[in-house]
Amino acid sequence: MHITRRTLLKGLLSSAAAFPLAQLYPTRARAAGTAKRLIVFYFPDGVPAKTDNRGGLWDPRIDNGKVVLSYLLAPLADRAKDCVFLRGLNMGSTDEGSHPGGAQKLLTGADKGNHISVDQLLANGVGSGRPYRHLYLGVASNDARSSDMRISYPVAGTSATPEDNPRLAFSRVFNTSFTPQAPGSIPATPSAPNLNASVIDTALADLNDLQKKLGKTDQTKLALHLDALRQVEKRIKGSFDPPSSPVPEPTCDEPAAPSTDDARLYDAAYFPSLMTASIDLTVQAMACGLTQVGVIQGSRHTSELIMSRFPAAETSSAQDMRSHEASHYGAQDPSVNPRLSSYIKQRRWWVSQFKYLLDQLDARPEGDGTMLDHSLVLMCTEVADGDSHTHYNMPFVLGGRAGGSLSTGRIADFEGRHHSNLLLSIARACGQSVDKFGDRSDGGLSGLFK
């Protein structure tokens, strides 16, 4: 599909001004109370799910009718009201104890990845009317080439490859001269994109002309979206370093930014900035109406990511500790176990990134609420307990209200149910008509969605 300048403009306008401008953009009919978009947020190597005399390290609990988060989930404190914490779901006994087996089943709901993944199902269905039907971004996810380290499956048994360079991905998604080569994936090579050019400026004349025809409210919304897009564009093209302090109102002033160092895509110290850029890009592409299905894959299973090198105290450690190494933590008290202490810090960091994603969605008005109100966001990993590699009681968290169909601020127990039922319920919540999904779905999860 060729993305024309007019298509980009229509997508921008549909997200900026909602109705009556939304009908400018070609979309499929959508039932009331369904999610307008799905974002999958993946992190590697599970969580410390074992219990000891201090209780569970991950699972939240209910106290006086309210969700009380564990220490690991505490970064979500301000967003607990926007989340559903799932318990009791399992991915089956096949390949249990295995990272690759877990990654293959995670979004496909099928052993060995022998089913299309839920994100690709939606991309080919309710999301197929978008210029970019599927956005699959990785963050240092391709340093190892094994296909079982990828979680998105456009066809049964074959995984897609995420794009690890957010600057290149931005050029591909927003460059109006681009033609995707395959449904459901970022094309392998762009048509000589100019990474220094502003995609906003290429359409500025048309934007100015259309803006004159809008009312004041719609003009303001369009201007805010353009400013937000400019900020993301500048951050990705110029520097991956996130702002040292909160940015007040978006501005179109051009900052003096260093050139992007693509050689640092697999530098651990650069990883947090790459994560920020990938989240920003995903949210902005959806705000502009260019896609409604996205997967953000942070690293990959059995990760060699040395998170102690992050420029933040949260993941600091007395020694370098790779993610997978830290996940084999044993059962000792973290006060005397540096491996478990590092693992806990790492998991909290991943939770904080999920929160950042939810914050970015909630910061953008949409319809009668925000993008978060109309979105469905799944946080997931390929094993439950990082030490034993179990596939039982998977630490899934849903964020957003899915267009009003998801009641949040609660814990949902589905003891012993196969997680393919979760994937089936997600597909239906996004407006996809489907009766079965994966190997073992048997009707979905009753009571999860309205």
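Structure's up top.
Residues numbered from 1 in each chain as written. Predicted model: local features only at pLDDT ≥ 70, side-chain atom pairs only at ≥ 80, totals over all residues. Heavy atoms only, no water.

Section: the pattern of salt bridges
Taken as a whole and judged by the stated rule, the model has 21 salt bridges. In this structure, Asp143 and Arg300 form a salt bridge, with 3.1 Å as the shortest nitrogen-oxygen distance. Within this pair, whereas Asp143 is found in the loop between strand S7 (135-139) and helix H4 (166-174), its partner Arg300 is found in the loop between strand S8 (293-298) and helix H9 (323-327), the two being separated by 157 residues in sequence. Overall, Asp143 belongs to the partly exposed group, its relative accessible area being 43%. Two residues, Asp359 and Lys355, come together in a salt bridge whose shortest N-O distance is 2.7 Å. Separated by four residues within a single helix, Asp359 and Lys355 lie in helix H10 (residues 338-362), roughly one turn from each other. Through salt bridges that share partners, Arg79, Lys81, Asp82, Lys355, Asp359, Asp362, Asp373 and Arg401 make up one connected network. (Salt bridge = Lys/Arg side-chain N within 4 Å of Asp/Glu carboxyl O. Helix = DSSP H or I, 4+ residues; strand = E, 2+ residues; numbered from the N terminus. Buried < 20%, exposed > 50% of the residue type's maximum accessible area, 1.4 Å probe, protein only.)

Examining helix H2 (residues 99-106)
Counted residue by residue, H2 has seven buried out of eight residues, so it is predominantly covered. Of all the residues in H2, the buried ones are His99, Gly101, Gly102, Ala103, Gln104, Lys105 and Leu106. Packing partners of the buried residues in H2 comprise strand S1 (37-42), H9, strand S11 (375-380) and helix H11 (420-429). (Contact = heavy atoms within 4.5 Å.)

Quick notes on the nonpolar core
Leu76, Phe85, Phe271, Met275, Trp350 and Phe354 are the most contacted members of the largest nonpolar core, which totals 49 residues. For this core, the elements supplying multiple residues, two or more each, are S1, strand S6 (83-87), helix H8 (271-287), H10 and S11. Of all the elements, H10 adds the most residues to this core, at ten residues. When sequence neighbours within four positions are dropped, the list of residues in contact with Phe271 reads Val139, Ala140, Gly298, Ser299, Leu305, Phe310, Trp349 and Trp350. (Core = buried A, V, L, I, M, F, W, Y, C linked by side-chain atoms within 4.5 Å.)

Regarding the environment of Ser273
Along the chain, Ser273 turns up in helix H8. Measuring from C-alpha to C-alpha, the distance between Ser273 and Val139 comes to 9.7 Å, with 134 residues separating the pair along the chain.

Examining unusual backbone geometry
One non-glycine residue with positive phi stands out, namely Ala140, at about 50°. By secondary structure assignment, the location of Ala140 is in the loop between S7 and H4. The phi angle at Ala402 is positive, at roughly 50°, despite the residue not being glycine. For Ala402, a relative accessible area of 0% translates into the label buried.

Remarks on the pairing of S6
For S6, the buried fraction is high: four of the five residues fall into the buried class. Direction of pairing for S6 relative to strand S12 (residues 397-399): antiparallel, over a ladder of three bridges. Opposite Phe85, over in S12, you have Val397 as the bridge partner. Strand direction decides the pairing type here: S6 and strand S13 (residues 410-413), joined by four bridges, are parallel. Bridge pairing in S13 links Arg87 to Asp413. (Pairing = 2+ DSSP bridges.)

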